[in-house]
Amino acid sequence: MPFGEMMITLEDIATLTGLAIDGDAVVVDIPDQDLRDMCLWRLGRAPTNLGSSPIRIAWLRETFDQLPHSASPETTE
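Residues numbered from 1 in each chain as written. Predicted model: local features only at pLDDT ≥ 70, side-chain atom pairs only at ≥ 80, totals over all residues. Heavy atoms only, no water.

> For the overall build of the chain, give the residues involved together with the corresponding values.
Regarding its fold elements, the chain presents four helices and zero strands. Starting at the N terminus, the α and β elements of the chain follow one another as α-α-α-α. Taken against the 2.2 N^0.38 rule, which gives 11 Å for 77 residues, the C-alpha radius of gyration of the chain at 17 Å runs more than 25% over that of a compact globule. Along the three orthogonal principal directions, the C-alpha set of the chain runs to about 45 × 35 × 20 Å. Across the 77 residues that make up the chain, the buried fraction comes to 10%. Across the chain, the fraction of contacts at a sequence separation of at least 24, relative to all contacts at a separation of at least 6, is 0%. Element-wise, carbon and sulfur atoms account for 56% of the exposed surface of the chain, whose accessible area totals about 7,200 Å². Counting 5 positive and 13 negative side-chain charges, the chain places the centres of these two groups 10 Å from one another. (Helix = DSSP H or I, 4+ residues; strand = E, 2+ residues; numbered from the N terminus. Rg over C-alpha atoms; globule rule 2.2 N^0.38 Å. Buried < 20%, exposed > 50% of the residue type's maximum accessible area, 1.4 Å probe, protein only. Contact = heavy atoms within 4.5 Å. Areas by Shrake-Rupley, 256 points an atom, 1.4 Å probe, with all protein chains shown as cover. Lys, Arg positive; Asp, Glu negative; His and termini not counted. Charge placed at Lys NZ, Arg CZ, Asp CG, Glu CD.)

Below, the structure is given as structure tokens:
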């Protein structure tokens, strides 16, 4: 890597997010309808193209980027 450049490592992500990076990966096969129900329960909305694809970060940003000023603590959480 050229001088003056840097690479983000997994340890950097762990430090920034507080997520654990060691141990086994968590992989769960959730039926589509259960995933949709979980999104609706936790997020109040679900992507229309959920199907067999994962929840896209772009969808999360587009849908939840702006928090209303009048948001309740529950909404904020």
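Further notes follow.
> Describe a negative patch on the surface, naming the residues involved and giving the relevant values.
Together, Asp29, Asp32, Asp34 and Asp37 give the surface a local cluster of negative charge. On the secondary structure map, Asp34 appears in helix α2 (residues 32-43). (Patch = residues over 30% accessible without salt bridge, like charges linked within 9 Å, V, L, I, M, F, W, Y side chains within 5 Å. Salt bridge = Lys/Arg side-chain N within 4 Å of Asp/Glu carboxyl O.)

> Outline the packing of aromatic side chains, supporting the account with residue identities and numerical values.
What the rule picks out here adds up to one aromatic pair. Taken together, a centroid distance of 5.6 Å and an interplanar angle of 85 degrees make the contact between Trp59 and Phe64 edge-to-face. Using a relative accessible area of 17% as the deciding quantity, one classes Trp59 as buried. (Phe/Tyr/Trp six-rings, centres within 6.5 Å; stacked < 30°, edge-to-face > 60°.)

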